[in-house]
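Listed below, chain by chain, are the residues.
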Amino acid sequence: MNPELQRNVWLEFSWHRLVLMPCVLALIFLCAALGTQPDSDVGVTTSGLLLFTGLAGFWGARRAADAVTEEFRGKTWDGQRMSALGPWSMTWGKLVGSTSYAWYGALICLATVAVAWPLRWEYAASLIIACAVCAAVCVQALALIASLMATRKGLVRSYVRGTWLVLLLLVFSGSSTSLVTQLAQTFSWWGHEVEGWRFALGTSVVFAAWAVFGAYRLMCQELQVRTTPWGWAAFVLFLAWYLAGFAVQSSDSEARTIFLIAGLLVSAALTYFMLFTEQTGALVLRRVWVRVQRQEWRRALEEMPCWLVSLALATVFCALLMLTVSQLPGELDDYRNISFTPLPLLALLFLIRDAAIFLVFSLARAPRRVETTTLLYLALLYLILPGVCKLASADTLGALVLPPVFERPVFASGVLGVHAAIALVAALEHRDRTGEGQLVEMPMIEVAASLFRIKRTAGSRGRLDPTPLLAPSAVQ
Amino acid sequence: MTEGNAIEVEGLRFDYPGVRALDNVSFTVACGSVTALVGPNGAGKTTLLRCIAALERPMLGAIRVAGIDVLEEPRACHRRVGFLADSYGLYDALTVRQCLVYAALVHGMDAAAVPQTVEQTAERLEITDKLGTPAGELSRGQRQRVAIGQALMHAPEVLILDEPASGLDPEARHVLARLFTRLQSEGMTLLVSSHILAELDEYSTHMLVLRSGQVIENRPLGGTTLAGSRVRVELATPVVGWHERVRECTGVRLLEADASAGVLLVAGNTLAQASVLKHLIDAGLPVAGFHAERENLHDSYLRTVREGTQP
């Protein structure tokens, strides 16, 4: 028997608790049965599912989160990390063990639901129960992940747990409602007609597997098992592929474009997410840098934080998009008249800028409240400053802060900085080579024109203008 | 790896935000020794111990413990090392027996052998009568022993203890010292950090001094040092200027002296000491005591730290 599981069972079960749970549940079901019509079994099934959600979903998630946090608080975590128990045994021992009492109650509920389920819905019953079990496993594994990440950041205070619980609650309720609304429909995914029920089941199984896998990988790192971040990269790719499926109407050539766009968006979103949740700071980056300098590539990968991996993937997606796509697919007709090519670059530059803002604050000697400070500055840059500019009718100035990318003249200003930077580098290089100075002019109209030319000459979809996009044409 | 070294640390560097906790730390710990890791607060002792136990990854450097490259195979290191953190915890709701059984099982011990090992360990730590008690009800000294018992369950080759004696009463400390001596006699290598030097003195064979993240001293304790043996001389009656006769011997340095006693540093082995004694008696001095002195760890530490502060 897994010793971690055994220890948890020692802690979770006593004769008293073993008897108490079925008694309490039986009384609740009795209430539900008495409170509804004599011949109806709906009351029992509904209350059974609700109780399951409460027990396995919320209480289970809380217990799973406590599995690590309590070790950390009780200062027994180092002892566990030093043990000979493998990361997988530790992960499933904790997941199953800490939630075992919650599952004990939840399984009683499910058994009751299965027995009391109205016969006419028999097919749905098995699907709903399977979905519910998978969703509960998923949420519990996410809670374990959250607590492992919080521990690593040194956050074990109760409010952090509270925040994570609220987040989990949102995920759980969000996913379950979206599942329920999709259950009865059929829809297109990667051009295939899929039945809502089956899709929901498949989704919950796959995401539960990913969540458990994520918890396992984090546990590997905690136990000092050497890992490279391929698991995270695989998850980013999978999520992009999964989400892109909803946008692809029929399997045609546009599917690839949509996948690339989804890839860029997902990797950008996950970069932000990991930047704010992962342990980030000067030391993390310096560790990677020291390994790179010593050309220990494997170790550099081992030390690499997930946000950096997602950022690298975003860069790859950006490059692929710029190389292969010049216009958005037919779906998005409104944007047909603008050139698509620079947009991914713009998105990437914004991402890098925001990551840089975060790093500036986290590189401080004694970094404090990095996340909130960064959020404040991002709000300033994305909401407040553009808002002020807009209200003051200073559109051009506002565009410098946040380019409304789908308006052509202003779009140019977003790329202006990039042009200016490259022109300056070119001018410096020229000075170094020849000793002559350069006059660098950067009129916005020229930049805009360079973008137009791409638009005019790129012509048919999918072909790239031979003129390099980022070559400034105004260097004298 | 040189034969006979249980721990080898080379060029270790560890950074915290804005602070270099360990800077180019290199030292070796001989097999079967008990090394006292001492140093002021914030010297990096805990960080160093955690790095050796493969709980933290250093920025740079190499560590070998019991022949294992810790940075290459941290998990293998966990199996060979027992570690007790300065602030350790026990599962308060479990009984002492359950705690020890759990520790044995997570260290991969064969389930059939567990009950016997638990009994043996409990006996060794003198907690047999507490096996049925929940860990939360134990006294501090007993908790300490249970925690050490957990760290000893897998018979590690190297035992690392961070401040094991803090907060213990004299009797509990004595029990601890006895245990350490016994473990050492069984061939285990111990690395113990502590503030309480007098207590380390009872069982340490080596002293490793860390200050501001750097090793400033690593040497064996006891009568024999690199420079020679400390010998205490006592005279039956005070003789003014008796120590002038000492200077006539070769290889002897006077460390301190007054009219009736003094401390000499004698180079070489015990034969050298015998010849010094003979010289003193031949000179007609009323020598009442002449014995190699085991240097007090406290004095030794203070001297080292003081020397370290001088430029």
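This one's a predicted model, so the numbers in the text were calculated from it and none came from an experiment.

(A) The overall build of chain B, seen in detail. Along chain B, the regular secondary structure elements total ten helices and 14 strands. Along the three orthogonal principal directions, the C-alpha set of chain B runs to about 70 × 45 × 35 Å. The proportion of buried residues among the 311 residues of chain B is 40%. The contacts of chain B with a sequence gap of at least 6 include a subset with a gap of at least 24, amounting to 68%.

(B) Representation of the packing of helix α1 (residues 3–12) of chain A against helix α3 (residues 96–106) of chain B within the structure. Contact geometry for α1 of chain A and α3 of chain B: axes closest at 9 Å, N-to-C directions at 160°. When the interaxial angle is binned, α1 of chain A and α3 of chain B end up roughly antiparallel. Every pair of crossing elements has a handedness; the one defined by α1 of chain A and α3 of chain B is left-handed. Between α1 of chain A, through Pro3, Glu4, Arg7 and Trp10 of chain A, and α3 of chain B, the contact on the second element is made entirely by Gln98, Tyr102, Leu105 and Val106 of chain B. Taken together, the residues of the contact of α1 of chain A with α3 of chain B break down into five nonpolar, one polar and two charged.

(C) Main features of the sheet that holds strand β11 (residues 229–235) of chain B. Residues and elements named next belong to chain B. Spatially, β12-β13-β11-β14 is the arrangement adopted by the four strands of the open sheet, whose pairing is antiparallel. Each of the sheet's edge strands pairs with one partner strand only, and the pair in question is β12 (252–257) and β14 (287–292). Averaged over all pairs of adjacent strands, the angle between strand axes in this sheet comes to 25°, irrespective of strand direction. The sheet contact formed by β11 and strand β13 (residues 261–266) spans six bridges and is antiparallel. Looking at the pairing, Val231 lines up with Leu264 of β13. Against the sheet, helix α9 (residues 270–282) contacts β11, β12, β13 and β14, and its axis sits at roughly 165° relative to β14.

(D) How the structure looks around the domain arrangement of chain B. Once the domains are mapped, chain B shows domain 1 (5–220) and domain 2 (229–293). The centre of domain 1 of chain B, based on its C-alpha atoms, is set 41 Å off from the matching centre of domain 2 of chain B.

(E) Region of the structure containing the pairing of strand β8 (residues 189–193) of chain B. Residue and element names in this part refer to chain B. The element β8 is extensively covered by neighbouring structure, given that five of its five residues are classed as buried. Of the two faces of β8, both are covered, the one formed by Thr189, Leu191 and Ser193 as well as the one formed by Leu190 and Val192. Sheet topology note: the strand β3 (residues 34–38)/β8 ladder contains four bridges and is parallel. Counted as the bridge partner of Thr35 is Leu191 from β8.

(F) Summary view of the interface of chain A and chain B. Chain A puts 26 residues into the contact, and the matching count from chain B is 27 residues. Secondary structure elements with two or more residues in the side of chain A that touches chain B: α1, α4 (77–82) and α12 (282–293) of chain A. The greatest single-element share of the side of chain A that touches chain B, amounting to five residues, is contributed by α1 of chain A. Per-class residue counts for the side of chain A that touches chain B are 13 nonpolar, six polar and seven charged.

(G) Molecular detail of the packing of α1 of chain A against helix α5 (residues 87–98) of chain A. Residues and elements named next belong to chain A. At a closest axis distance of 7 Å, the pairing of α1 and α5 adopts a crossing angle of 20°. The angle between α1 and α5 falls in the class roughly parallel. Note that α1 runs across α5; the crossing there is right-handed. On the side of α1, the interface is formed by Glu4, Leu5, Asn8 and Val9, while α5 contributes Ser89, Met90, Gly93, Lys94, Val96, Gly97 and Ser98. A class-by-class count of the residues in the contact of α1 with α5 yields four nonpolar, five polar and two charged.

(H) Molecular detail of helix α6 (residues 170–185) of chain B. Residues and elements named next belong to chain B. The end-to-end C-alpha distance of α6 is 23 Å, a good match for the 22 Å that 16 residues give at a rise of 1.5 Å each. Those residues of α6 lying buried are Arg173, Leu176, Phe180 and Leu183. An end-on view of α6 places all buried positions within 85° of arc, on one side of the element. Residues of α6 that are exposed and point more than 90 degrees away from the buried face comprise Pro170, Glu171, Arg182 and Ser185. Along its buried surface, α6 packs onto β3, β7 (158–162), β8 and α7 (197–201). At the exit of α6 stands Gly187, carrying a positive phi of roughly 100°.

(I) Structural view of the sheet that holds strand β5 (residues 68–69) of chain B. Residue and element names in this part refer to chain B. Read across the sheet, four strands follow the order β2-β1-β4-β5 without closing on themselves; strand pairing throughout is antiparallel. Each edge of the open sheet is held by one strand with a lone partner, namely β2 (19–30) and β5. Two elements, strand β1 (residues 5–16) and strand β4 (residues 60–65), share five bridges in a ladder whose sense is antiparallel. Residue pairing in the sheet places Val9 in a bridge with Ile63 of β4.

(J) Region of interest: α9 of chain B. Residue and element names in this part refer to chain B. Between its first and last C-alpha, α9 extends 18 Å over 13 residues, near the 18 Å set by a 1.5 Å rise per residue. Among the residues of α9, those classed as buried are Gln273, Val276 and Leu280. One side of α9 holds all its buried residues, which, seen down the axis, span an arc of 60°. Facing away from the buried side of α9 by more than 90 degrees, the exposed set consists of Leu271, Ala274, Lys278, Ile281 and Asp282. Elements in contact with the buried residues of α9: β11, α8 (243–246), β12, β13 and β14.

(K) Region of interest: the domain arrangement of chain A. Residue and element names in this part refer to chain A. Split by domain assignment, chain A resolves into domain 1 (1–227), domain 2 (228–368) and domain 3 (407–458). With twelve residues of domain 1 at the interface, the matching set in domain 2 holds 13 residues. Elements supplying a minimum of two residues to the side of domain 1 that touches domain 2: α7 (122–152), β1 (186–189) and α9 (196–222). The greatest single-element share of the side of domain 1 that touches domain 2, amounting to three residues, is contributed by α9.

(L) The environment of Leu84 of chain B, seen in detail. All names here are of chain B. In this structure, Leu84 sits in strand β6 (residues 81–84). A residue is classified by how many C-beta atoms lie within 10 Å of it, and Leu84, with 24 of them, is buried. Spatially, the C-alpha atom of Leu84 lies 4.8 Å from that of Leu161, the residues being 77 residues apart in sequence. Not counting residues up to four positions away in its chain, the partners in contact with Leu84 are Ala147, Ile148, Ala151, Leu161, Asp162 and Pro164.

(M) Here's a closer look at the nonpolar core. Counting residues in hydrophobic clusters, the biggest one holds 132 residues, and the most contacted among them are Cys138, Ala141, Leu144, Ile145 and Ala215 of chain A together with Ile52 and Ile160 of chain B. Per-element tally for this core: the top contributor is α7 of chain A, with 18 residues. The residues touching Ile160 of chain B, leaving out its near neighbours within four places in the chain, are Leu49, Ile52, Ala53, Val81, Gly82, Phe83 and Leu191 of chain B. Listed in part, the 33 residues of the second largest apolar core include Trp232, Val236, Ile258 and Val266 of chain A.

(N) Structural detail: unusual backbone geometry. All names here are of chain B. Look at Ala54: it is not a glycine, yet its phi comes out positive at around 60°. Secondary-structure assignment places Ala54 in the loop between α1 (45–52) and β4. Even without being a glycine, Ala155 presents a positive backbone phi close to 45°. Here Ala155 shows up in the loop between α5 (140–152) and β7.

Parameters and conventions
- Residues numbered from 1 in each chain as written.
- Chains lettered and ligands numbered in written order.
- Predicted model: local features only at pLDDT ≥ 70, side-chain atom pairs only at ≥ 80, totals over all residues.
- Helix = DSSP H or I, 4+ residues; strand = E, 2+ residues; numbered from the N terminus.
- Buried ≥ 20, exposed ≤ 12 C-beta atoms within 10 Å, placed from the backbone.
- Contact = placed C-beta atoms within 7 Å.
- Axes fitted to C-alpha atoms, helices over the stretch in contact; angles between N-to-C directions.
- Parallel < 35°, antiparallel > 145°, perpendicular 65-115°, else oblique.
- Left-handed = near helix turned anticlockwise from the far one by under 90°.
- Nonpolar A, V, L, I, M, F, W, Y, C, P; charged D, E, K, R; others polar.
- Pairing = 2+ DSSP bridges.
- Domains from an automatic or database assignment.
- Expected span 1.5 Å × (residues − 1).
- Arc of directions from axis to C-beta.
- Core = buried A, V, L, I, M, F, W, Y, C linked by C-beta atoms within 7 Å.

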